[in-house]
Amino acid sequence: SGLAFIAPQLIQVINPEFLPSVPVMQLCSIGCIAIAFSNMYSQMNIAQGRSDMNLLITVLGAVLQIAMAFVVYRYGINVIALTIAICNFIILAAWHFFSGKFVGYTFPMLLKDVLPYAGIAILVMIATFFATKFISSALWLLCAKVVLAVLLYLVALKVFDSAIYREAIEFIRHKKADEQQA
């Protein structure tokens, strides 16, 4: 997640006093990756008229997270954040197991859809890390990381002729055409 990548600089710029919260922010942002995919499955269920499955998995996921937070709370906030992130991925597995079968979306299909973009994102973060390593100011490092990562990601999407990139460009073109006609 991009937020996990820039968390140290973001917190440093906001208030250096909160630097100990960086691992929590990073774990939460990584856990949110699973939430994004869980939302996709939730929307697929709704489209298929299976709000009953949505309710069941959502309630079970909430119970799991609350129960695990009570189990690990004595170990501190970092362990709680890690546990909740892990729970998010367990909940995603449940969404996939139940909903994926129902809508015909297999795990290999999910990997085929996700891995190319995840790979590009990882490579972009590695390149950005090394390209900005020499910057000592937290503010300039934050700005450089964000701008460079966005530019590199867009370039990579264009170079690899990504369908998402083409669709986004087409959407922007249509939006501009609509605005000019109005």
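Placed above this text is the structure.
Residues numbered from 1 in each chain as written. Predicted model: local features only at pLDDT ≥ 70, side-chain atom pairs only at ≥ 80, totals over all residues. Heavy atoms only, no water.

1. Observations regarding helix 2 (residues 22-47)
- Here helix 2 contains 26 residues, and its C-alpha end-to-end distance of 38 Å stays within 8% of the 38 Å for a straight helix at 1.5 Å per residue.
- Among the residues of helix 2, Val22, Val24, Ser29, Gly31, Ala34, Ser38, Tyr41, Ser42 and Asn45 are the ones counted as buried.
- Considering only its buried residues, helix 2 is in contact with helix 1 (2-14), helix 3 (51-72), helix 4 (77-103) and helix 5 (107-131).
- With its phi angle positive at about 75 degrees, Gly49 sits one or two positions after the end of helix 2. (Helix = DSSP H or I, 4+ residues; strand = E, 2+ residues; numbered from the N terminus. Expected span 1.5 Å × (residues − 1). Buried < 20%, exposed > 50% of the residue type's maximum accessible area, 1.4 Å probe, protein only. Contact = heavy atoms within 4.5 Å.)

2. Thoughts on helix 6 (residues 138-159)
- Counted at 1.5 Å a residue, the expected span for helix 6 with its 22 residues is 32 Å, and the 31 Å between its end C-alpha atoms agrees.
- Where the residues of helix 6 are buried, they touch helix 1, helix 5 and helix 7 (163-181).
- Asp161, located one to two residues past helix 6, shows a positive phi value of around 50 degrees.

3. Some details on a nonpolar patch on the surface
- Taken together, the side chains of Ile122, Leu123, Ile126, Phe129 and Phe130 define a hydrophobic patch exposed on the protein surface, amounting to about 520 Å² of accessible area.
- Residue position: Phe130 is located in helix 5.
- By relative accessible area, Phe130 is classed as exposed at 53%. (Patch = residues over 30% accessible without salt bridge, like charges linked within 9 Å, V, L, I, M, F, W, Y side chains within 5 Å. Areas by Shrake-Rupley, 256 points an atom, 1.4 Å probe, with all protein chains shown as cover. Salt bridge = Lys/Arg side-chain N within 4 Å of Asp/Glu carboxyl O.)

4. Quick look at the state of the cysteines
- On inspection of all chains with the given rule, the structure shows zero disulfides.
- Its sulfur unpaired, Cys32 is 6.7 Å from the next cysteine sulfur, which belongs to Cys28.
- By relative accessible area, Cys32 is classed as partly exposed at 42%. (Disulfide = S-S within 2.5 Å.)

5. Examining the packing of helix 5 against helix 6
- Relative to each other, helix 5 and helix 6 sit at 140 degrees, their axes nearing to 9 Å. The orientation of helix 5 with respect to helix 6, classified from their angle, is oblique. Seen from above, helix 5 lies across helix 6 with right-handed handedness. Each of Tyr117, Ile120, Ala121, Val124, Ala127, Thr128 and Ala131 in helix 5 lies in contact with helix 6, whose residues at this interface are Lys145, Leu148, Ala149, Leu152, Tyr153, Ala156 and Leu157.
- Residues belonging to the contact of helix 5 with helix 6 are distributed by class as follows: twelve nonpolar, one polar and one charged. (Axes fitted to C-alpha atoms, helices over the stretch in contact; angles between N-to-C directions. Parallel < 35°, antiparallel > 145°, perpendicular 65-115°, else oblique. Left-handed = near helix turned anticlockwise from the far one by under 90°. Nonpolar A, V, L, I, M, F, W, Y, C, P; charged D, E, K, R; others polar.)

6. Things to note about the environment of Tyr117
- Note that Tyr117 resides in helix 5.
- In this structure the C-alpha to C-alpha distance between Tyr117 and Leu157, which are 40 residues apart in sequence, comes to 8.4 Å.
- When neighbours within four sequence positions are excluded, Tyr117 is seen to be in contact with Tyr153, Leu157, Ser162, Ala163 and Ile164.

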